[in-house]
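Chain by chain, the residues:
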Amino acid sequence: KVGTHAMFDAMAGDLADQFCGDYAYWDNEADCLRDDLYEDTKDEPCEWFHGKTPREMYIAVSEQLCKPMFGIDFFGRVLRDTISGSSRTNTAIITDSGFAPEAQPIIDYFGAENCLLLRMHRKGCDFSNDSRDYIELPGVQSMNVYNDGSVDGLRSLLRHTFVATP
């Protein structure tokens, strides 16, 4: 998402420099980089994306640009390189993975025995409007988690499931 916004920001910036001289016609040029601004309207056509929805643009950049040019595991390799270059922690939680080939570089790096796949389920939430889906990762322990209550209830469930008691 951030890359898609940055790409359109760069193009608009170049055009602004060439034809307008500055970014004066935007309220805040940094807003175009903030993908959270589009979360509630990701399925609505957007002027910033020339009439396409943010979701359409995210998928197009991923499926028509990055993956064909760099391989179907591109985003997993980028993530692996980011994780391996960090010295902050020895644990990584990846909150969004909907394509098994993207998970493979992470599995190869950490080892399948050190990975856990949680498939979150919640009533009214699914992949029907998305290019992603629930994935299977052979050799990786997996678990389905049903989020049918409050956020606090989910936190409690996950803590009791994954935090070892001394």
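Given the structure is predicted, the values throughout are model-derived calculations rather than measurements. (Residues numbered from 1 in each chain as written. Predicted model: local features only at pLDDT ≥ 70, side-chain atom pairs only at ≥ 80, totals over all residues. Heavy atoms only, no water.)

### So, the nonpolar core
Of all hydrophobic cores here, the largest spans 7 residues; its members are A103, I107, C115, L117, I135, L137 and V140. Beyond its immediate chain neighbours, meaning those up to four positions away, L137 contacts A100, A103, I107 and L117. Judged by nonpolar contacts, the second largest core, of 6 residues, contains F8, C46, W48 and F49. (Core = buried A, V, L, I, M, F, W, Y, C linked by side-chain atoms within 4.5 Å. Buried < 20%, exposed > 50% of the residue type's maximum accessible area, 1.4 Å probe, protein only. Contact = heavy atoms within 4.5 Å.)

### Brief notes about the confidence of the model for the chain
Mean pLDDT over the chain works out to 78, with 79% of the residues at or above the 70 mark. Mean pLDDT values over the elements of the chain span from 66, in helix α1 (residues 2–20), up to 92, in helix α2 (residues 54–70). Confidence over residues 15–34 falls short of pLDDT 50; this stretch has 23 contacts with residues more than four positions distant or in other chains. (pLDDT = per-residue confidence, 0-100. Helix = DSSP H or I, 4+ residues; strand = E, 2+ residues; numbered from the N terminus.)

### With respect to the packing of helix α3 (residues 74–84) against helix α4 (residues 100–110)
Two numbers describe how α3 lies on α4: the axes approach to 6 Å, and their chain directions differ by 35°. Handedness of the α3/α4 crossing: right-handed. Together, F75, G76, R77, L79, R80, I83 and S84 of α3 and E102, P105, I106, Y109 and F110 of α4 make up the contact between the two elements. Among the residues forming the contact of α3 with α4, the class breakdown is 7 nonpolar, 2 polar and 3 charged. (Axes fitted to C-alpha atoms, helices over the stretch in contact; angles between N-to-C directions. Left-handed = near helix turned anticlockwise from the far one by under 90°. Nonpolar A, V, L, I, M, F, W, Y, C, P; charged D, E, K, R; others polar.)

### Observations concerning the pairing of strand β1 (residues 116–121)
Residues L117, R119 and H121 line the buried face of β1, whereas the alternating positions L116, L118 and M120 sit on a face that is not buried. Sheet topology places β1 next to strand β2 (residues 141–146); 6 bridges connect them, and they run parallel. Counterpart to L118 in the pairing with β2 is M143. (Pairing = 2+ DSSP bridges.)

### Structural notes on the environment of H50
In this fold, H50 is placed in the loop between α1 and α2. Here the alpha-carbon distance between H50 and F8, two residues 42 residues apart in the chain, equals 10.0 Å.

### What to know about α4
Here α4 has its buried residues at E102, A103, P105, I106 and I107. Summarising the contacts, the buried residues of α4 are in contact with α2 and α3. Just downstream of α4, G111 is the residue with a positive phi angle, here 90°.

### Brief notes about the packing of aromatic side chains
Scanning all chains against the criterion turns up 5 aromatic pairs. Where F8 meets F49, the ring centres are 4.9 Å apart and the plane angle is 85°; that geometry is what we call edge-to-face. With F8 in helix α1 and F49 in the loop between α1 and α2, the pair connects residues that are 41 residues apart, well separated along the chain. Judged on exposure class, the residue F8 and its partner F49 are both buried. Ring geometry for F70 versus F74: centroids 4.9 Å apart, planes at 25°, classification stacked. (Phe/Tyr/Trp six-rings, centres within 6.5 Å; stacked < 30°, edge-to-face > 60°.)

### Brief notes about the pattern of salt bridges
On inspection of all chains with the given rule, the structure shows 7 salt bridges. A salt bridge links K67 to E102; the shortest N-O distance between them is 3.0 Å. Remark: E102 occurs in helix α4 and K67 occurs in helix α2; sequence separation between them is 35 residues. Neither residue differs from the other here; K67 and E102 are each classed as buried. As a salt-bridge pair, R77 and D73 come within 2.9 Å of each other at their nearest N and O atoms. Looking at R77, the relative accessible area reads 25%, which means it is partly exposed. Judged by its relative accessible area of 25%, D73 is partly exposed. (Salt bridge = Lys/Arg side-chain N within 4 Å of Asp/Glu carboxyl O.)

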